[in-house]
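Listed below are the residues making up each chain.
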Amino acid sequence: NKKSVYIKIIFLTAYDSFEYAKSAIACNVVDYVLKYEGEERIIGAVRKAIELLKRDVSVRGIVNRMKERIRSVVPNYIKEFLNVQIAGTGHSIEEIRQFFMEANLGFSLSSPVRMIVSTSTSAIPLSEFISVGQEIIKKCCAEEIKEIEGTKIYGYYVWVFEYIGENSAKLKAACQTFQRSMEEEYGAEISFVVGTEDVAWTSLANKFDEMCFILGKCVTGSEMILEDAVAEPENREFTAES
């Protein structure tokens, strides 16, 4: 049987003993009632327990509602953080550290991250595209990926993650699995650029620009390319537009 969290204890005894009373206090009882004190005394203790239960249920309800609100807000909070960082307006090191603590993220400020940038010809629901991508990539690269979060900015789908693999082969295979899955589901062409270089949190904007340039110039249709397979163009000019 599962134990209920809504329990109040009334210690009812015929023994007027200090040791018993002491034990009752240690058990956090509502009241210590001697049987010879009469029905009114017992009824009073029960009423006290009922009032305390009502208060506990009310407080727990408030706490649970607050937890639900937090769970619904945190994903958007994370996306807003990533969007600001990727867009180039950026946060200070201390702001990033504080955010990691508040959002309870598994990322480490001292650990660099990688990026995957993608575009699609179909209006795939944002939350589904991002979440399915995260789950497939995590499943296929379970031993290589420590943490991953995604967002959409300037029309591009972006995943940021800590990658500890020795090469990008598994990562590319994971993206191909995701690509096939979404094409079968939506009949959409999806293009990917898979990051092969680690980048600091403060440099996400520059890396995003580079990968968007590759997507625009080197990838057509439903294709995928590793970042290091493309020679960096000289004197390029690129600005992501919303």
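Residues numbered from 1 in each chain as written. Predicted model: local features only at pLDDT ≥ 70, side-chain atom pairs only at ≥ 80, totals over all residues. Heavy atoms only, no water.

Enquirer: I keep staring at the nonpolar core and nothing clicks. Help me out?
Expert: Counting residues in each nonpolar core, the largest one holds 27 residues, and the members touching the most others are Ile86, Met115, Val117, Val158, Trp201 and Phe208. When contributions to this core are tallied by element, the ones reaching two or more residues are α2 (39–87), α3 (93–102), β3 (114–120), β5 (156–163) and α6 (204–218). If one sorts the elements of this core by residue count, α6 sits on top with 6 residues. Beyond its immediate chain neighbours, meaning those up to four positions away, Ile86 contacts Met115, Thr151, Ile153, Val158, Val160, Leu204, Ala205 and Phe208. Membership of the second largest hydrophobic core comes to 22 residues, among which are Phe129, Cys141, Ala174 and Ile190. (Core = buried A, V, L, I, M, F, W, Y, C linked by side-chain atoms within 4.5 Å. Buried < 20%, exposed > 50% of the residue type's maximum accessible area, 1.4 Å probe, protein only. Helix = DSSP H or I, 4+ residues; strand = E, 2+ residues; numbered from the N terminus. Contact = heavy atoms within 4.5 Å.)

Enquirer: Looking at this structure, I do not really get the confidence of the model for the protein chain. What am I missing?
Expert: A low pLDDT score tells you not to read the predicted coordinates there in detail. Scored by pLDDT, the protein chain comes out at a mean of 78, with 80% of its residues at no less than 70. When pLDDT is averaged over each element of the protein chain, β5 comes out on top at 92 and helix α1 (residues 18–26) at the bottom at 67. Low confidence marks residues 231–242, where pLDDT is under 50. Its contacts with residues over four positions away, or in another chain, come to 12 contacts. (pLDDT = per-residue confidence, 0-100.)

Enquirer: Sorry if this is basic, but what is going on with the packing of aromatic side chains here?
Expert: The geometry of an aromatic ring pair comes down to the distance between the two centres and the angle between the two planes. Overall, the coordinates contain 16 aromatic pairs when judged by the stated rule. Between the aromatic rings of Phe100 and Trp201, the centroid separation amounts to 5.2 Å while the plane-to-plane angle is 70 degrees, which identifies the pairing as edge-to-face. Of this pair, Phe100 sits in helix α3 while Trp201 sits in the loop between β6 (190–194) and α6, placing them 101 residues apart in sequence. On the basis of relative accessibility, which here comes to 7%, the residue Phe100 falls in the buried class. Clustering of aromatic rings is evident, with ring pairs tying together Phe81, Phe99, Phe100, Phe107 and Trp201. (Phe/Tyr/Trp six-rings, centres within 6.5 Å; stacked < 30°, edge-to-face > 60°.)

Enquirer: What exactly am I supposed to notice about the pairing of strand β4 (residues 145–153) here?
Expert: Two faces, one strand: in a regular strand the side chains alternate between the faces of the sheet. With 7 of 9 residues buried, β4 is to be regarded as a mostly interior element. Looking at chain direction, β4 and β5 are connected through 8 bridges and run antiparallel. Note on β5: the bridge partner recorded for Glu147 is Glu162. Hairpin connection from β4 to β5: 2 residues lie between these consecutive antiparallel strands, with Tyr154 at a positive phi of about 55 degrees. (Pairing = 2+ DSSP bridges.)

Enquirer: Can you walk me through the pattern of salt bridges in this structure?
Expert: Pairing between side chains becomes possible if they bear opposite charge and their charged atoms approach one another. Under the counting rule described, the total for this entry stands at 8 salt bridges. Two residues, Glu94 and Arg97, come together in a salt bridge whose shortest N-O distance is 2.9 Å. Remark: Arg97 and Glu94 occur in helix α3; sequence separation between them is 3 residues, near one turn of the helix. By relative accessible area, Arg97 is classed as partly exposed at 37%. We note a salt bridge from Lys138 to Glu135, for which the minimum N-O separation is 3.3 Å. With Lys138 and Glu135 both in helix α4 (residues 126–140) and 3 residues apart, this pair spans about one turn of that helix. On the basis of relative accessible area, Lys138 is assigned to the partly exposed category, the value being 36%. The exposure class of Glu135 is partly exposed, given its relative accessible area of 47%. (Salt bridge = Lys/Arg side-chain N within 4 Å of Asp/Glu carboxyl O.)

Enquirer: When you look at the side chain of Asp31 in this model, what are you seeing that I'm missing?
Expert: Along the chain, the position of Asp31 falls in strand β2 (residues 31–34). Engagement of the side chain of Asp31 in a polar contact is seen with the side chain of Arg41, the distance being 2.8 Å. Leave out the neighbours within four places in its chain, and Asp31 touches Ile9, Ile10, Phe11, Arg41 and Ala45. (Polar contact = N/O pair within 3.5 Å; in protein donor to acceptor, adjacent residues only side chain to side chain.)

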